[in-house]
2 protein chains.
Amino acid sequence: MIRRISITQLAYDSVEITHDDVPIEYSLTLYLNGEEWVTLLCSPYSLEFLVCGFMKSEGLIKGREDMEELVIDSDRGQAWIRMKNVSQIAGRRTYTSGFARGITSCNVMGAVELKPCSAELRVHFEDLTGMMDAFNVASPAFKATGGVHSCAICSSKEMLLFQEDIGRNNAIDKLIGEALIMGVPTEDKVLLTSCRISSEILMKAAHAGFPMIVSRAAPTDMAVREAEKLNITLLGFVRGTRGNVYAGKNRIITGS
Amino acid sequence: MIRRISITQLAYDSVEITHDDVPIEYSLTLYLNGEEWVTLLCSPYSLEFLVCGFMKSEGLIKGREDMEELVIDSDRGQAWIRMKNVSQIAGRRTYTSGFARGITSCNVMGAVELKPCSAELRVHFEDLTGMMDAFNVASPAFKATGGVHSCAICSSKEMLLFQEDIGRNNAIDKLIGEALIMGVPTEDKVLLTSCRISSEILMKAAHAGFPMIVSRAAPTDMAVREAEKLNITLLGFVRGTRGNVYAGKNRIITGS
């Protein structure tokens, strides 16, 4: 997912021709029942995870079986999805930009309705900070380029799955797709992420069933409100031995 | 653009109920000739700049006058655009998610074609680093929340316009819209940004006419290739007294 290119490195007293590793950006166009639908710019790997996770996190499928067919042509940057019951989706195409910047598409076109999360998961704050420390050094692409987002699925004690991508939405979609395909339940897991939590990211996590989202960065007010409404535990600025709980504090165990 | 909310601040040896400032997230739905079209999640200000800049940076208009009417209802989160010659846009609605994650929409539906940039702007590297230092401390919302992106238009010597938003695309669109409405030429200016440079960001800057983009963060390989093709100068990791030139080095003056 990295390309080495020639650059000119400048400082006040030097000009050096050298090289730098930059993240590769790849274009994947999704076709729904033969019709061009949406294009994702992403890192060029885990494409099946990406497509499945995208469909799940946007509330369009419950499981892999809801898609009758998924064929990925990675040379051409195409993913061909065949599924029944797409009138909801096709009829709402004007909303597709909601996938990336819009109001969460699930409210508009989703096949899956969200209810407040009833998961009984409880996690020690010290375990979360320990996992965040491990998570922060887990991305070789970030270390090389400084240009990718990462996210991980954790039990209450350890990191289980890890994904990264140039786009924060894609990283989360890949992770959700991997869990879906590998049969890893998410209802009793923690989603760790490097990215800021907007309402869109929060809704993706909600559609995937996570009761807890932990970020080293900031949330928006809308994400906090949605988390409260859906009874999802939301932590931000988890760094070192500190962190902020924005919603769902009852799932966090503090003290010894 | 900030909301103060109650949070629980955790450390290993303390639990404190306190407050935190989080960035406000606002939803603006664009209607094109009466039909719902695309929804942007953004910071709730400079909405006219946002809409005009979005239209310009996506290659859909050349100037403000290409829109016959623009009415913004900020209470309802609606922007009503009336323009002729939208068959190109309306016919390509499946692409609208390209605005945020897709291949740059300009290739598909744009009214404006891009040519290699011929601007003769030349800038001293020391002036760029000086402006980046000023830029880095210019955002009160970032200081308060750590959750916004900022960008600025600079001459070869000083920062002229500054915008910020929870979304990096929005921040750049607002800036481009402000320049459009205020009549500030961009063909002889530098675009400074806090965000990573994907191909999408690069194309937005290209549509706005900037010959130079300077970021404190990383570019992707596709952004570098597009910059080379369009003869746009692209610098990344400009921090302190150092920086990397990824394309268009001829516009940078080094040494004393």
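Further up the page is the structure itself.
No experiment lies behind these values; they were computed from the predicted model shown.

The next point concerns the overall build of chain A. Helix and strand content of chain A: eight helices and 14 strands. Contacts in chain A between residues at least 24 apart in sequence constitute 51% of all its contacts with a sequence separation of at least 6. Of the roughly 9800 Å² of accessible surface on chain A, 48% is carried by carbon and sulfur atoms.

When we look at burial in helix 8 (residues 221–229) of chain B, the residues that qualify are Asp221, Met222, Ala223, Val224, Glu226 and Ala227 of chain B. Taken from the residues just after helix 8 of chain B, Asn231 of chain B is the one with a positive phi, measuring 55°.

With that settled, the discussion passes to the environment of Gly183 of chain B. Counting through the fold element by element, Gly183 of chain B comes out in the loop between helix 6 (168–182) and strand 10 (190–193). The spacing of Gly183 of chain B and Gly63 of chain B is 120 residues in sequence and 9.9 Å in space, taken between C-alpha atoms.

Strand order in this open sheet of eight strands is 2(A)-1(A)-13(B)-12(B)-11(B)-10(B)-8(B)-9(B), and the pairing throughout is mixed. Each end of this open sheet is capped by a strand with a single partner; those strands are strand 2 (14–23) of chain A together with strand 9 (159–165) of chain B. Direction aside, neighbouring strands of the sheet carry axes that sit 25° apart on average. Relative to strand 12 (residues 233–239) of chain B, strand 11 (residues 212–215) of chain B runs parallel, the two being bridged by three bridges. Pairing of Met212 of chain B across the sheet is with Thr233 of chain B, part of strand 12 of chain B. Against the sheet, helix 6 of chain B touches strand 8 (149–154), strand 9 and strand 10 of chain B, its axis set at about 140° to strand 9 of chain B. Helix 8 of chain B contacts strand 1 (2–11) and strand 2 of chain A together with strand 12 and strand 13 (242–247) of chain B of the sheet and is inclined by roughly 65° relative to strand 13 of chain B.

On to the packing of aromatic side chains, then. Residues and elements named next belong to chain A. In the structure shown here, the tally under the stated rule is eight aromatic pairs over all chains. For the ring pair Phe135 and Phe162, a centre distance of 5.8 Å and an interplane angle of 65° mean the geometry is edge-to-face. Pair noted here: Phe135 is in helix 4 (residues 125–136) and Phe162 is in strand 9 (residues 159–165), with a separation of 27 residues, a long-range link. A residue is classified by how much of its surface remains accessible, and Phe162, at 24% relative accessible area, is partly exposed. Note that Lys174 overlies the ring of Tyr45, its terminal NZ or CZ placed 4.0 Å from the centroid.

Our focus in this paragraph is the packing of helix 1 (residues 47–57) of chain A against helix 6 (residues 168–182) of chain A. Residue and element names in this part refer to chain A. Relative to each other, helix 1 and helix 6 sit at 95°, their axes nearing to 6 Å. Considered as vectors, helix 1 and helix 6 are oriented roughly perpendicular to each other. Note on element contacts: helix 6 touches helix 1 through Asn170, Asp173, Lys174, Ile176, Gly177, Glu178, Leu180 and Ile181, opposite Glu48, Phe49, Leu50, Cys52, Gly53, Phe54, Lys56 and Ser57.

Conventions used here
Residues numbered from 1 in each chain as written. Chains lettered and ligands numbered in written order. Predicted model: local features only at pLDDT ≥ 70, side-chain atom pairs only at ≥ 80, totals over all residues. Heavy atoms only, no water. Helix = DSSP H or I, 4+ residues; strand = E, 2+ residues; numbered from the N terminus. Contact = heavy atoms within 4.5 Å. Areas by Shrake-Rupley, 256 points an atom, 1.4 Å probe, with all protein chains shown as cover. Buried < 20%, exposed > 50% of the residue type's maximum accessible area, 1.4 Å probe, protein only. Pairing = 2+ DSSP bridges. Axes fitted to C-alpha atoms, helices over the stretch in contact; angles between N-to-C directions. Phe/Tyr/Trp six-rings, centres within 6.5 Å; stacked < 30°, edge-to-face > 60°. Lys NZ or Arg CZ within 6 Å of the ring centre and 35° of its normal. Parallel < 35°, antiparallel > 145°, perpendicular 65-115°, else oblique.

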